[in-house]
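Below are the chains, spelled out letter by letter.
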Amino acid sequence: MTTRINPSILAADFANLERELGRISSADLVHVDIMDNHFVPNLTFGLPMVERLQQVSPVPLDVHLMIDDPDRWAPGYAEAGAYSVTFHVEAAADPVALARRLREIGARAGIALKPGTEVEPYLELLPEFDQVLVMTVEPGFGGQSFMPETMPKLRRTADAVRRAGLDVWLQVDGGITADTIGIAAAAGADTFVAGSAVFGGEVPAERIAALREAVASHSHPVVGRTGSLDG
Ligand code: DX5
Ligand code: ZN
């Protein structure tokens, strides 16, 4: 199984984003948090910023949309060239139609679930998605504590993906550190977003390496190969 480390630039220096992207070139993808101050009580940036990041980033973009009406706005991020576009199911009017549109444009399509959102209604739709993001904090802010109570849902999602023989990536986001990453890996996550744990260090690349080591040593022995997008 491949594992992926996706640093969140929410915790980066916004005045020097190109330099910050250069400091995480050993990452698998860059996680880009879009917040609209409606779906979540916080505001970041939007499409023009992502278009520019796409031009300068050495690693592909993993866009996490915490916005209302993703049916309207998400395709623009795929058109900008994002490698993956993940929207919240709680906000989408037609998650399947939207995922199909994103795939048609050429992006991987992801759905995100807040900690209180059950996954069961979406399990039969799994073939429509490339990624399920199980939020491990309430979306809206970096630097919060990992919520272990979200792990049973992650485990049920992983079981469903395995039973169906699908290649759906399972992402966790929020409070992921060298101490918590093993818990999420053991529950079935393969894609790990980390903001403060990466950019909080003097040398982000060392933090990425430490997360890779922690996930390899804590999780099931089949988790070995790192650093690749496929497989
Ligand atoms: C929170 C965002 C996260 C955030 C994670 O709503 O979706 O991506 O950047 O930050 P940390 O890793 O600091 O919890
Ligand atoms: Zn995020």
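Worth saying up front: this structure is predicted, and the values here are computed from it rather than measured. (Residues numbered from 1 in each chain as written. Chains lettered and ligands numbered in written order. Predicted model: local features only at pLDDT ≥ 70, side-chain atom pairs only at ≥ 80, totals over all residues. Heavy atoms only, no water.)

Q: Whenever I open this one, the overall build of the protein chain confuses me. Can you help?
A: The number of helices and strands found in the protein chain is 9 helices and 8 strands. Seen through its C-alpha atoms, the protein chain measures out along the principal axes to roughly 40 × 40 × 30 Å. Going through the 231 residues of the protein chain one by one, you find that 55% of them count as buried. Contacts spanning at least 24 positions in sequence make up 63% of the contacts within the protein chain whose residues lie at least 6 apart. (Helix = DSSP H or I, 4+ residues; strand = E, 2+ residues; numbered from the N terminus. Buried < 20%, exposed > 50% of the residue type's maximum accessible area, 1.4 Å probe, protein only. Contact = heavy atoms within 4.5 Å.)

Q: Whenever I open this one, the site of ligand 1 confuses me. Can you help?
A: Among the 20 residues in the neighbourhood of ligand 1, the closest are listed as D33, G140, D173, G195 and S196. Contacts to ligand 1 include D33, whose side-chain N or O atom sits 2.8 Å from an oxygen atom. A distance of 2.4 Å is found between an oxygen atom of ligand 1 and a side-chain nitrogen or oxygen belonging to S196. Protein burial of ligand 1: of its 380 Å² of free accessible surface, 99% is covered by the chains. Looking at the shell around ligand 1, the elements with two or more residues in it are β2 (30-35), β3 (61-66) and β8 (191-194). With 3 residues, β2 is the largest single contributor of residues to the shell around ligand 1. (Near = heavy atom within 4 Å. Polar contact = N/O pair within 3.5 Å; in protein donor to acceptor, adjacent residues only side chain to side chain. Areas by Shrake-Rupley, 256 points an atom, 1.4 Å probe, with all protein chains shown as cover.)

Q: Would you mind going over the environment of I34 with me for this structure?
A: Locating I34 in the fold gives a position in strand β2. According to the relative accessible area criterion, I34 is buried, its value standing at 3%. The sequence separation of I34 and P148 amounts to 114 residues, and the corresponding C-alpha distance is 24 Å. If we skip the residues at most four places from it in the chain, I34 touches T44, F45, G46, V50, V63, H64, L65, M66, I67 and Y77.

Q: Would you take a moment to explain the coordination of the zinc ion (ligand 2) for this structure?
A: Note on metal sites: the ideal angle is 109.5 degrees for four tetrahedral donors, and 90 or 180 degrees for six octahedral donors. Distances from the zinc ion (ligand 2) to its protein donors, namely H31 (NE2), D33 (OD), H64 (ND1) and D173 (OD), fall within the range 2.1 to 2.2 Å. The site at the zinc ion (ligand 2) holds 6 donor atoms, and with the angles between them running 72 to 172 degrees, its shape is octahedral. (Donors = N, O, S within 2.8 Å, 3.2 Å for Na, K, Ca; no water. Tetrahedral: all angles 85-135°; square planar, octahedral: opposite > 155°, others 65-115°.)

Q: Quick question: what am I supposed to make of the sheet that holds strand β6 (residues 131-135) here?
A: Strand-to-strand pairing in sheets goes through backbone hydrogen bonds, with the strands running parallel or antiparallel. Strand order in the open sheet formed by 8 strands is β1-β8-β7-β6-β5-β4-β3-β2, with parallel pairing between adjacent strands. Edge positions in the open sheet fall to β1 (4-7) and β2, since each of these has one partner strand only. Averaged over all pairs of adjacent strands, the angle between strand axes in this sheet comes to 25 degrees, irrespective of strand direction. Pairing of β3 with strand β4 (residues 84-88) involves 4 bridges; the strand directions are parallel. Considered in β4, the bridge of V63 is made with V85. Its contacts with the sheet place helix α2 (residues 47-56) against β2 and β3, and it is angled at close to 165 degrees to β3. Packed on one face of the sheet, helix α6 (residues 151-164) meets β5 (108-113), β6 and β7 (169-173) and runs near 165 degrees to β7. (Pairing = 2+ DSSP bridges. Axes fitted to C-alpha atoms, helices over the stretch in contact; angles between N-to-C directions.)

Q: Got a minute to help me understand the side chain of Q131 in this structure?
A: Tracing the backbone shows Q131 in strand β6. Judged by relative accessible area, Q131 falls into the buried class, the value being 2%. Only 3.0 Å separates the side chain of Q131 from the side chain of T86, close enough to count as a polar contact. A polar contact of 3.3 Å, which involves the side chain of Q131, links it to the side chain of Q171. Once residues lying within four places of it in the same chain are set aside, the contact partners of Q131 are D62, S84, T86, A109, G110, I111, V168, W169, Q171 and T191.

Q: For this particular structure, what's the right way to read the nonpolar core?
A: Soluble globular proteins: nonpolar side chains tend toward being buried together. Counting 63 residues, the largest nonpolar core has I9, V32, I34, V63, V85 and F192 as the members making the most contacts within it. At 5 residues, the largest contribution of residues to this core is made by α6. Those residues in contact with I9, other than ones at most four positions away along the chain, are F14, L17, L21, V30, H31, V32, F45, L53 and F199. Listed in part, the 5 residues of the second largest apolar core include M35, F39, V40 and A91. (Core = buried A, V, L, I, M, F, W, Y, C linked by side-chain atoms within 4.5 Å.)

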